[in-house]
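# Architecture at a glance
Single-letter residue listing:
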Amino acid sequence: MPILKTRIHEFRKDNHMQQAELAELVGVRRETIGNLENGKYNPSLKLAMDIAHVFGKTVEEVFYYVPDPDDDDEEDED
């Protein structure tokens, strides 16, 4: 299963924004932004869209998937 990654930290720094400022703009706690940045939390669709909107980006520009290195190369059978 792929792992969801984020560019929130990068976009925050580019915009000289603290975690608390972003959290206030999207209506969550600062810890939630930290957890998103550290890969400990996957956002709801609404939160992902709200964060992307703050930076003037698409959801796909802020969030992306990478392969899970722990996955075996076996394919699931349906």
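Each remark here, short or long, concerns the structure printed above.
Right, let's walk through the structure included here. All values reported here derive from a predicted model rather than from experimental measurement.

Rules and cut-offs
Within each chain, residue numbers correspond to sequence positions counted from 1 in written order. Local features in a predicted model are, by the rule used here, given only for residues with pLDDT of at least 70; side-chain atom pairs are given and counted only at 80 or more, and totals for whole chains, interfaces and linings are based on all residues. Side-chain calculation: all heavy atoms of the structure are included, whereas hydrogens and water are not. Put simply, a salt bridge is a Lys or Arg side-chain nitrogen that is within 4 Å of an Asp or Glu carboxyl oxygen. Exposure is judged per residue with a 1.4 Å probe applied to protein chains only, and the accessible area is read against the type maximum: over 50% gives exposed, under 20% gives buried, and values in between give partly exposed. Helical segments are the DSSP runs of H or I of at least four residues, strand segments are the runs of E of at least two, and each set is numbered from the N terminus. Along the arc lie the directions from the helix axis toward the C-beta atoms. A contact between two residues is defined here by any heavy atoms of the two lying within 4.5 Å.

## Quick word on the pattern of salt bridges
Counted under the stated rule, the structure contains five salt bridges. Measuring nitrogen to oxygen at the nearest pair gives 3.6 Å for the salt bridge that ties Arg-30 to Glu-31. Look at Glu-31 and you get partly exposed, because its relative accessible area is 36%. Across the pair Asp-50 and Lys-46 runs a salt bridge, and its minimum N-O distance is 2.7 Å. In this pair, Asp-50 and Lys-46 both sit in helix 4 (residues 45-55), four residues apart, roughly one turn of the helix. Using a relative accessible area of 24% as the deciding quantity, one classes Asp-50 as partly exposed. Owing to a relative accessible area of 58%, Lys-46 belongs among the exposed residues under this scheme. Through salt bridges that share partners, Arg-29, Arg-30 and Glu-31 make up one connected network.

## Comments concerning helix 4
Residues of helix 4 that are buried include every one of Leu-47, Ala-48, Ile-51, Ala-52 and Phe-55, and no others. The buried residues of helix 4 occupy an angular sector of 135° when projected down its axis, which confines them to one face. Exposed side chains of helix 4 directed beyond 90 degrees from the buried face belong to Leu-45, Lys-46 and His-53. On its buried face, helix 4 sits against helix 1 (8-14), helix 2 (19-26), helix 3 (30-37), helix 5 (59-62) and strand 2 (63-66).

## Details of the environment of Gly-27
You can see Gly-27 is positioned in the loop between helix 2 and helix 3. Judged by its relative accessible area of 64%, Gly-27 falls in the exposed class. Considered as a pair, Gly-27 and Tyr-64 are 37 residues apart in the sequence and their alpha carbons are 22 Å apart.

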